[in-house]
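# Structural features, examined
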Amino acid sequence: QGQLVESGGGLVQAGGSLRLACAASGRTFSSYAMGWFRQTPGKERELVAAISWSGGSTYYADSVKGRFTISRDNAKNTVSLQMNSLKPEDTAVYFCAAKLHYSGSYPIGADYWGQGTQVTVSS
């Protein structure tokens with residue numbers, strides 16, 4: 001069994017930055033695509049960013065392009081999300097995910113999920 005644990009969430013003012021980290025344990029995730037999703041109350045979980053197993057390919061939702069950067073360190077079994085120029089609409093619970101499911105080339109889910117970390121951006 002694998003486990004994903006997120007950290008780095010918190011409260012930040014609009015325009016600020018946060019860095020989320022996801023530590024994987026219990027098994028190696030280096031052969032899996034990984035990603036970050038987010039969810040707000042009453043809405044479906046949505047993809048924020050994804051990264052291939054090698055780190056050579058990334059995908060970003062249009063709403064975060066140019067502001068967020070996903071990266072991974074397979075030697076440390078970690079994946080990170082650097083979030084800059086944060087906006088109030090980025091407020092959500094952010095989930096780390098591994099072994100992604102796809103509809104065509106678009107990640108829509110995963111086999112492994114973290115427990116989530118709250119990000120709140122104040123205006």
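It should be noted that the structure appears before, not after, this text.
Attention here is on the structure that accompanies the text.

Conventions we followed
- Residues numbered from 1 in each chain as written.
- Predicted model: local features only at pLDDT ≥ 70, side-chain atom pairs only at ≥ 80, totals over all residues.
- Heavy atoms only, no water.
- Helix = DSSP H or I, 4+ residues; strand = E, 2+ residues; numbered from the N terminus.
- Buried < 20%, exposed > 50% of the residue type's maximum accessible area, 1.4 Å probe, protein only.
- Contact = heavy atoms within 4.5 Å.
- Pairing = 2+ DSSP bridges.
- Disulfide = S-S within 2.5 Å.
- Patch = residues over 30% accessible without salt bridge, like charges linked within 9 Å, V, L, I, M, F, W, Y side chains within 5 Å.
- Areas by Shrake-Rupley, 256 points an atom, 1.4 Å probe, with all protein chains shown as cover.
- Salt bridge = Lys/Arg side-chain N within 4 Å of Asp/Glu carboxyl O.
- Axes fitted to C-alpha atoms, helices over the stretch in contact; angles between N-to-C directions.

The next subject is the environment of Glu44. Inspection of the secondary structure assignment puts Glu44 in the loop between β4 (34–39) and β5 (46–51). Given a relative accessible area of 72%, Glu44 falls into the exposed group. Sequence spacing of Glu44 and Gly15 is 29 residues, and the spatial spacing of their C-alpha atoms is 25 Å. If sequence neighbours within four positions are ignored, Glu44 has contacts with Arg38 and Gln39.

Here strand β11 (residues 117–122) shows one buried face, formed by Thr117, Val119 and Val121, and one open face, formed by Gln118, Thr120 and Ser122. Pairing of strand β2 (residues 10–13) with β11 involves 4 bridges; the strand directions are parallel. Counted as the bridge partner of Leu11 is Thr120 from β11. Looking at chain direction, strand β9 (residues 92–103) and β11 are connected through 3 bridges and run antiparallel. Its bridge partner lying in β11, Tyr94 is registered against Thr117.

Sheet faces and side chains relate simply in a regular strand, where the side chains alternate between the two faces. Of the strand pairs in this sheet, β9 and strand β10 (residues 106–113) are connected by 6 bridges, and their pairing is antiparallel. Within β10, the residue paired with Ala98 across the bridge is Tyr112. Adjacent in sequence and paired antiparallel, β9 and β10 are bridged by 2 residues, among which Gly104 carries a positive phi angle near 65°.

Another aspect to go through is the state of the cysteines. Tallying each qualifying case throughout the model produces 1 disulfide. The disulfide partner of Cys22 is Cys96, and the S-S distance across this bridge is 2.1 Å. Around the S-S axis, the bridge from Cys22 to Cys96 shows a dihedral of about -80° and counts as left-handed. One end of the pair, Cys22, is in strand β3 (residues 18–25); the other, Cys96, is in strand β9, with 74 residues separating them in the sequence.

Taken together, the side chains of Tyr59, Tyr106 and Ile108 make up a nonpolar region of the molecular surface, amounting to roughly 280 Å² of accessible area. With respect to the helices and strands, Ile108 occurs in strand β10.

The subject of this paragraph is unusual backbone geometry. Of note, Asn77 is a non-glycine position whose phi angle comes to about 60°, a positive value. As for its position among the elements, Asn77 is in the loop between β7 (68–73) and β8 (78–83). Backbone geometry at Lys99 places phi at a positive 60°, although glycine is not the residue there. Within the element layout of this structure, Lys99 appears in strand β9.

Attention now goes to the sheet that holds β3. Hydrogen bonding along the main chain pairs the strands of a sheet, whether they run parallel or antiparallel. With antiparallel pairing, the 4 strands of this open sheet are ordered in space as β1-β3-β8-β7. A single partner strand is all that each edge strand has here, and the edge strands are β1 (3–7) and β7. Mean inter-strand twist for the sheet, computed between neighbouring axes without regard to direction, equals 15°. Taken together, the 6 bridges between β3 and β8 define a ladder with antiparallel strand orientation. Within the sheet, the bridge partner assigned to Leu18 lies in β8 and is Met83.

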